[in-house]
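# Structural description and commentary
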Amino acid sequence: MWARGVIAVVGVVAVGGIAFGIYRSVKKGVDRIREGRDDREIKDETSQELNQLQNQGIKPTLSDSSAISLANSIESSLAGCELSGTEEQIVKAILSQVNNQADWLKLQNVYGSRTLDNCGWGTGETKQDLKGILTSDLDAFDWTFTLYITKLKEGLMAKGINW
């Protein structure tokens, strides 16, 4: 009698293991599809646009160290599961330091493409550029029921900065 119970438990564990293996394979495939542009492509594109702006007399106000610090802060804040208030802090940090299109391009260039741990056990990692990670992770609402990504885009637009 107890042998049937053992066989049932082993069967359930085997089916669960197979299902988890299939899930992981599908998840890895989806992650590969979701991966953003590669780092070199992002840096080349933003450098070209930044050079065009500088030729027009529009220079970044964001120092190299400030851009690196802000990019690293965004990465560490969005890696894994965000805490309450994290998204609002990121929007405020970006809007307080990015003053023109050249700053925005510089921040994107410095951020490049980074791999962040997703929230949750077994969910893997996602490699994205700055716009990709902000779009996917600034998905909470503020007290006026406005998405934080919308607040960021509106704040940048108010400064004459194109997303």
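Higher on the page you've got the structure.
None of the values given here were measured: they were computed from a predicted structure.

## Examining the packing of helix α3 (residues 64–78) against helix α5 (residues 101–111)
As a packed pair, α3 and α5 sit with axes 9 Å apart at the nearest point and diverge in direction by 60°. Of the possible angle classes, the one that applies to α3 and α5 is oblique. Remark: the crossing between α3 and α5 carries right-handed chirality. Contacts between α3 and α5 pair D64, A67, I68, L70, A71, I74 and E75 from the former with K106, L107, V110 and Y111 from the latter. Residues that form the contact of α3 with α5 fall into these classes: eight nonpolar, no polar and three charged.

## Quick word on the side chain of Q108
With respect to the element layout, Q108 can be found in helix α5. Judged by relative accessible area, which is 8%, Q108 ranks as buried. Those residues in contact with Q108 that lie beyond four places of it in its chain are I42, T46, L130, K131 and W163.

## Digging into the pattern of salt bridges
One pass over the structure, following the stated rule, counts three salt bridges. Of the charged contacts in the structure, one is a salt bridge between D64 and K106, with a shortest N-O distance of 2.7 Å. Here D64, found in helix α3, pairs with K106, found in helix α5; they are 42 residues apart in sequence, far enough to count as distant. Residue classification places D64 among the exposed positions, given a relative accessible area of 53%. Taking the relative accessible area as the measure of exposure, K106 reaches 13% and is therefore buried. For E75, the salt bridge goes to R114, with nearest N and O atoms at 2.6 Å. Remark: R114 occurs in strand β1 (residues 113–117) and E75 occurs in helix α3; sequence separation between them is 39 residues.

## Section: α5
Residues spaced three or four apart along an α-helix face the same direction, because each turn holds 3.6 residues. In terms of residue burial, α5 counts as a mostly covered element, since 10 of its 11 residues are buried. Inspection of α5 places Q101, A102, D103, W104, L105, K106, L107, Q108, N109 and Y111 among the buried residues, and these make up the whole buried set. You can read the cap of α5 off the contacts: a side-chain oxygen lies 3.1 Å from the backbone nitrogen of A102, and it is on N100. At the exit of α5 stands G112, carrying a positive phi of roughly 65°.

What counts, and where the lines are drawn
- Residues numbered from 1 in each chain as written.
- Predicted model: local features only at pLDDT ≥ 70, side-chain atom pairs only at ≥ 80, totals over all residues.
- Heavy atoms only, no water.
- Axes fitted to C-alpha atoms, helices over the stretch in contact; angles between N-to-C directions.
- Helix = DSSP H or I, 4+ residues; strand = E, 2+ residues; numbered from the N terminus.
- Parallel < 35°, antiparallel > 145°, perpendicular 65-115°, else oblique.
- Left-handed = near helix turned anticlockwise from the far one by under 90°.
- Contact = heavy atoms within 4.5 Å.
- Nonpolar A, V, L, I, M, F, W, Y, C, P; charged D, E, K, R; others polar.
- Buried < 20%, exposed > 50% of the residue type's maximum accessible area, 1.4 Å probe, protein only.
- Salt bridge = Lys/Arg side-chain N within 4 Å of Asp/Glu carboxyl O.
- Polar contact = N/O pair within 3.5 Å; in protein donor to acceptor, adjacent residues only side chain to side chain.

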